[in-house]
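# Descriptive structure summary
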Amino acid sequence: MTSPLPFTDNYRDLSNSDGYQFEFSCERCGNGYRSAFRRSVRKTGGALLRGVGSFLGGRGSSLAYQASEALDRGTNSSEKDSAMRAAVTDIAPQFVQCRGCGDWVCEQVCWNDSVGQCARCTPIQAEQLAQLQAQARQDQMREALRNTSLIDGVDVSQQSIPRCPSCQAQTTGGKFCGSCGSALAAVRACGGCQAQNPAGAVFCSECGGGLI
C-alpha cells in the first residue's frame, strides 16, 4: 500500500501515451513549474513487444499484441504514481504551504518569509506600501484635476449646438459653423426690439420684425 501524495491539489496532468509530466501552479499568483517528462517504461516495453510480434508474424504477433495491450492498461497505476511522486519531489521545493489559509504558494514571489505566511494572509510590507503609494497618487491626481479648470475661455452659459442648424454639420464649438459659416447661436436677437428668438425663426415673436 503506497502512502498518500502531498501537494497535489494545484496541478495539471500533462501525461500522454508516451510518458508522464505534471504542471504545478501557485494558488496565489498562478505562476507554475513543469516537471521533467518521464517516458513510460510500459509504453516502451509494449512497443518492443509489438515489434517482436510483427517480426514473428502469425500467432507470435497476436500474443505480442495482447501482451502490449496489458502493459498499456497499466499506465494509470503504479507507474504513474511513481512518476507523480518523482515530480512532487522535484517541484515541491519551489512551493510552501501557508498555515494561515492552507494554500500552496510559490516561495519566490508569494511567500512572506519574515512572518511565515503567504503574501495574501500577511502582505509583504514593501509591496503593500508601494500599492498604497500608487493608490494615493491616483487619489491626489483626481483631487488636483477636480480643482483645475479645463474650460478656460469656454462660455458655459451659451447653449451648446452639436450640429449646425443650417447644414446639420457636426460642430466643434464656437459661434459660427465651420462648414457653411452660419451662426450657431441657439437664439437670435431681434434687430428692432432686441427680443431673443429661437434659432431658425424668420420673424420676431415680440414685434413681428423680420430676422433675416
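Scroll up to find the structure this text is about.
Residues numbered from 1 in each chain as written. Predicted model: local features only at pLDDT ≥ 70, side-chain atom pairs only at ≥ 80, totals over all residues. Heavy atoms only, no water.

## Some thoughts on the packing of aromatic side chains
Inspection of the entire model under this criterion finds three aromatic pairs. With a centroid separation of 6.0 Å and 35° between ring planes, the pair formed by Tyr 11 and Phe 24 is classed as tilted. Separated by 13 residues along the polypeptide, Tyr 11 in strand E1 (residues 11-13) and Phe 24 in strand E3 (residues 22-25) bring together distant segments of the chain. What makes Tyr 11 partly exposed here is its relative accessible area of 35%. Arranged with centres 5.6 Å apart and planes meeting at 85°, the rings of Tyr 33 and Phe 95 form a pair that is edge-to-face. Taken together, the residues Tyr 33 in strand E4 (residues 32-34) and Phe 95 in strand E6 (residues 95-97) connect sequence positions 62 residues apart. The class for Tyr 33 is partly exposed, based on a relative accessible area of 25%. Three or more aromatic residues link up through ring pairs in this structure, and these residues are Tyr 11, Phe 22 and Phe 24. (Phe/Tyr/Trp six-rings, centres within 6.5 Å; stacked < 30°, edge-to-face > 60°. Helix = DSSP H or I, 4+ residues; strand = E, 2+ residues; numbered from the N terminus. Buried < 20%, exposed > 50% of the residue type's maximum accessible area, 1.4 Å probe, protein only.)

Any link to function would need more than the numbers given here.
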